[in-house]
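# Topology and contacts: notes
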Amino acid sequence: KQEVTQIPAALSVPEGENLVLNCSFTDSAIYNLQWFRQDPGKGLTSLLLIQSSQREQTSGRLNASLDKSSGRSTLYIAASQPGDSATYLCAVNGGATNKLIFGTGTLLAVQP
Amino acid sequence: GAVVSQHPSRVICKSGTSVKIECRSLDFQATTMFWYRQFPKQSLMLMATSNEGSKATYEQGVEKDKFLINHASLTLSTLTVTSAHPEDSSFYICSARDLTSGGSSPLHFGNGTRLTVT
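For clarity, every value in this text was computed on a predicted model and none was experimentally measured.

How each quantity is defined
- Residues numbered from 1 in each chain as written.
- Chains lettered and ligands numbered in written order.
- Predicted model: local features only at pLDDT ≥ 70, side-chain atom pairs only at ≥ 80, totals over all residues.
- Heavy atoms only, no water.
- pLDDT = per-residue confidence, 0-100.
- Helix = DSSP H or I, 4+ residues; strand = E, 2+ residues; numbered from the N terminus.
- Pairing = 2+ DSSP bridges.
- Axes fitted to C-alpha atoms, helices over the stretch in contact; angles between N-to-C directions.
- Disulfide = S-S within 2.5 Å.
- Buried < 20%, exposed > 50% of the residue type's maximum accessible area, 1.4 Å probe, protein only.
- Contact = heavy atoms within 4.5 Å.
- Buried area = accessible area lost by both parts, 1.4 Å probe.
- Salt bridge = Lys/Arg side-chain N within 4 Å of Asp/Glu carboxyl O.
- Polar contact = N/O pair within 3.5 Å; in protein donor to acceptor, adjacent residues only side chain to side chain.
- Nonpolar A, V, L, I, M, F, W, Y, C, P; charged D, E, K, R; others polar.

It is worth spelling out the confidence of the model for chain A at this point. Of the residues in chain A, 98% reach a pLDDT of 70 or more, and the chain-wide mean stands at 93. For chain A, the element scoring lowest by mean pLDDT is strand β10 (residues 100-102) of chain A, at 91; strand β8 (residues 72-77) of chain A scores highest, at 98.

With that settled, the discussion passes to the sheet that holds strand β7 (residues 62-67) of chain A. Pairing between sheet strands relies on hydrogen bonds along the backbone, with the strands arranged either parallel or antiparallel. Residue and element names in this part refer to chain A. Across the sheet, 5 strands lie side by side as β1-β3-β8-β7-β6; this open sheet has antiparallel pairing. One side of each edge strand has no neighbouring strand; the edge strands of this open sheet are β1 (4-7) and β6 (56-59). Neighbour to neighbour, the strand axes of the sheet diverge by 15 degrees on average, direction disregarded.

Another point: the state of the cysteines. According to the stated counting rule, one finds 2 disulfides over all chains in the structure shown. The disulfide partner of C23 of chain A is C90 of chain A, and the gap between their sulfur atoms is 2.0 Å. Between C23 of chain A and C90 of chain A the sulfur-sulfur dihedral comes to about 75 degrees; the bridge is accordingly right-handed. Taken together, the residues C23 of chain A in strand β3 (residues 19-25) and C90 of chain A in strand β9 (residues 86-93) connect sequence positions 67 residues apart. Here C23 of chain B pairs with C94 of chain B through a disulfide, and the sulfurs are 2.0 Å apart. Torsion about the S-S bond of the C23 of chain B and C94 of chain B cystine: about 85 degrees, corresponding to right-handed handedness. Placement of C23 of chain B in strand β3 (residues 19-25) and of C94 of chain B in strand β9 (residues 90-96) is noted, with a sequence separation of 71 residues between them. The burial state of C23 of chain B is the same as that of C94 of chain B; both residues are buried.

Let us look at the interface of chain B and chain A. Of the residues lining the interface, 20 residues belong to chain B; the matching set on chain A comes to 21 residues. Carbon and sulfur atoms make up 54% of the area that chain B and chain A hide from each other, which totals about 1,500 Å². The interface formed by chain B and chain A contains 1 salt bridge. One can count 6 residue pairs in polar contact (both at pLDDT 80 or more) joining chain B with chain A. For the side of chain B that touches chain A, the residue count by class is 9 nonpolar, 8 polar and 3 charged.

Here's what the structure looks like:
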């Protein structure tokens, strides 16, 4: 059974810092991995999608990497801003049924 | 971009009543939609996979008679919480993938429904 874990559970940084969020998964047989952002009481916003054949994806100040063999992904946020404050979730797609298994999330607070 | 609309965004009901939540894909078709549940400060847990024109597939531990799912068209899935109890209070979120994009495209999520059962 696939299990997805995110470290740290919470993170507080001053504005302007670069930061890394970690995601690990137990079954490396994944189809793709997706990073989401969730604001309090809201739905999910897709940030980046990495296919199993890819090593990384970039969008603006965000860069996501994937090391499928070791069961790890990282989300790098450059020059953090207070508006980046949210919960970040990673989710893996096992492929057969297209179901997403979510990680536990990282609550990020960027202090102005 | 692809938009998933979920309604209502917030509902309060009395214990024993039923509540219906709608999930619509506004600008694309989806043969499959997914329903998730999220407890406070926890991650999303998949409840069931909604299949257009056929029965939903429920995850282990999810009562299919309590959480009725109907996927009558390629753009609409509904989740009905029957005989709701306070422990059903939670945040319910649906998601869908564009039928034409296949499994390589991102899932799109609704904004969720906050259900409170008193």
